[in-house]
Amino acid sequence: MAKKNKETFLNPIGINNPVTVQVLGICSALAVTAKLEPAIVMGISVTIIVAFANVIISLMRNTIPNRIRIIVQLVVVAALVTVVSEVLKAFAYDVSVQLSVYVGLIITNCILMGRLEAFAMQNGPWESFLDGVGNGLGYAKILVIVGFVRELLGSGTLLGFKVLPQCFYEAGYLNNGLMLMPPMALIILACIIWVQRSRNKDLQEK
Amino acid sequence: MATKKFRCKVCGYVHEGDKAPDVCPVCGAPASEFEEISDKKGFDTNSNNYTLIYATVLVIIVALVLALTSSLLKSFQEENVRLDKKKQILSSLKIDAKAGDPATLYEQYIKNDMIIDAEGNVIAENGGFDKGSEALVVYVAEVDGQTKYVIPVYGAGLWGAIWGYVSLNDDKNTVYGTYFSHASETPGLGAEIATSDFQQKFESKKVSDGNEVKLSVVKNGKVQNPEYEVDGISGGTITSTGVSNMLHGVLGQYTKFLNK
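Keep in mind that this is a model prediction, so the values were computed, not measured. (Residues numbered from 1 in each chain as written. Chains lettered and ligands numbered in written order. Predicted model: local features only at pLDDT ≥ 70, side-chain atom pairs only at ≥ 80, totals over all residues. Heavy atoms only, no water.)

(A) A look at the nonpolar core. Counting 45 residues, the largest nonpolar core has Met42(A), Val72(A) and Ile106(A) as the members making the most contacts within it. Counting only elements with at least two residues in this core, the list comes to helix 2 (26-31), helix 3 (36-60), helix 4 (69-91), helix 5 (93-107), helix 6 (110-120), helix 7 (125-155) and helix 9 (182-199) of chain A together with helix 1 (48-92) of chain B. Broken down by element, the residue count for this core peaks at nine residues, all from helix 3 of chain A. When neighbours within four sequence positions are excluded, Met42(A) is seen to be in contact with Ser28(A), Val32(A), Tyr102(A), Leu105(A), Ile106(A), Asn109(A), Tyr139(A) and Leu143(A). Grouped together as the second largest cluster of nonpolar side chains are 30 residues, Ile116(B), Leu136(B), Ile193(B) and Phe257(B) included. (Core = buried A, V, L, I, M, F, W, Y, C linked by side-chain atoms within 4.5 Å. Buried < 20%, exposed > 50% of the residue type's maximum accessible area, 1.4 Å probe, protein only. Helix = DSSP H or I, 4+ residues; strand = E, 2+ residues; numbered from the N terminus. Contact = heavy atoms within 4.5 Å.)

Structure (structure tokens):
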């Protein structure tokens with residue numbers, strides 16, 4: 001059982017990554033990865049919310065009527081996110097100002113619905129919690145990679161600090177404005193999927 | 001393990017066992033015609049009544065929880081909003097509110113929050129802080145012995161509201177500092193208006209030539225009149241234009257006051 005739990009936790013970070021293999025949560029990956037900082041914030045928020053939504057749905061799973069299960073999941077997630085954002089607004093205002101843009105994105109993130117529907121509806125709370133944390137971290141990992149590339153090449157900064165030396169610019173180097181546009185997130189994401197697929201032959205379709 | 005029950009859909013024969021029989025001993029129907037009868041005690045979670053009651057109860061519980069959190073936390077949140085507003089005003093005066101309690105710093109620097117009318121006359125010396133965009137509010141501040149005027153500005157960006165504070169020197173025309181923020185502009189593009197790099201570009205620009213507001217944000221690299229114009233954000237054109245329109249629209253209403 002311990003081995004199975006370990007797999008539940010580690011698989012989404014590696015070979016069963018929610019973004020690159022299950023192709024979930026792409027929309028928010030485009031929106032928040034122009035800079036590294038929002039990518040990290042979004043990654044952490046989604047990890048926490050998926051983990052707790054998974055636990056709650058897992059506890060309720062035997063009572064949920066089959067025909068309205070998606071709505072029930074959505075209500076639970078929306079309520080959870082709203083409560084968390086209200087609490088942050090009251091006690092950690094700076095964090096909540098930073099997160100305000102993401103609240104809507106977290107609720108509509110398909111990773112949440114995907115994990116609730118595919119995992120939490122069939123498994124116990126502890127496994128669901130591990131699955132949520134694993135998938136959240138897997139999502140955060142991809143977001144951070146994409147955000148890193150886009151901010152470095154698009155603005156020449158990382159987390160807002162200049163990292164490319166001035167002499168680069170004097171030698172004629174220009175920031176790539178295209179990197180800041182949403183399509184580049186898709187292209188970088190595609191490159192990550194490409195690398196992962198060529199290293200893992202199992203993922204390739206016959 | 002308890003045995004399961006299977007009912008033949010053709011004749012109604014009930015079979016007990018781990019799986020359905022290959023053929024029905026009564027009517028000869030194949031195994032596919034058998035359906036499992038759930039023998040669980042309690043509710044049938046698929047019945048209409050259960051679904052309706054479940055949905056109703058869930059919605060009521062969630063509504064109660066949300067209403068409760070909202071009303072419990074409201075006073076804390078309003079206090080935070082007021083503190084944050086003070087921080088933003090201080091930020092336009094280039095005072096870092098992180099250094100101390102924003103409320104004390106605000107008391108220390110801001111002398112008056114007066115309300116004026118369109119003719120530039122002062123209606124009330126104080127009380128402007130709690131007014132929204134419907135009143136013309138001017139904050140009078142004293143920084144290093146010099147009088148500064150802070151004017152709140154409101155406008156629209158690409159996705160939602162943008163707002164800010166513009167502080168002027170005592171000639172009421174030269175920009176001392178600015179603060180801009182936004183509700184939901186694109187990170188990396190329009191959202192850059194909230195960075196100090198962008199806000200510093202406004203310093204020592206002139207607001208107007210005496211008749212109309214000339215302070216503008218123009219397309220990046222297209223500054224022709226550096227006395228009034230500021231470089232916009234490349235890729236954030238609509239937000240930059242929004243800032244420009246906001247400055248024109250709101251500061252325009254203050255023209256009479258600024259010329260006094």
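Picking up where we left off.
(B) Looking closely at the pattern of salt bridges. Summed over all chains, the structure comprises seven salt bridges over all chains. Here Asp131(A) and Arg115(A) are joined by a salt bridge, their closest N and O atoms 3.0 Å apart. Residue Asp131(A) is located in helix 7, and its partner Arg115(A) is located in helix 6; the two are separated by 16 residues in the primary sequence. For the pair Asp131(A) and Arg115(A), a shared accessibility class is recorded, and that class is buried. Of the charged contacts, one joins Lys94(B) and Glu203(B) as a salt bridge, the two residues approaching to 3.5 Å between their closest N and O atoms. Taken together, the residues span a long stretch of sequence, with Lys94(B) in the loop between helix 1 and helix 2 (102-109) and Glu203(B) in the loop between helix 3 (196-200) and strand 10 (216-218) at a distance of 109 residues. Using a relative accessible area of 43% as the deciding quantity, one classes Lys94(B) as partly exposed. (Salt bridge = Lys/Arg side-chain N within 4 Å of Asp/Glu carboxyl O.)

(C) Seen up close, the interface of chain A and chain B. Contacts between chain A and chain B engage 28 residues on the former and 27 residues on the latter. Summing both sides of the interface, chain A and chain B together bury roughly 2,300 Å²; the carbon and sulfur share of this comes to 66%. Counting the contacts that link chain A with chain B gives one salt bridge. Put simply, chain A and chain B have seven residue pairs in polar contact (both at pLDDT 80 or more) between them. Within the residue set of the side of chain A that touches chain B, elements represented by two or more residues are helix 3, helix 4 and helix 5 of chain A. The element best represented in the side of chain A that touches chain B is helix 4 of chain A, accounting for 10 residues. When its residues are assigned to classes, the side of chain A that touches chain B shows 18 nonpolar, five polar and five charged. (Buried area = accessible area lost by both parts, 1.4 Å probe. Polar contact = N/O pair within 3.5 Å; in protein donor to acceptor, adjacent residues only side chain to side chain. Nonpolar A, V, L, I, M, F, W, Y, C, P; charged D, E, K, R; others polar.)

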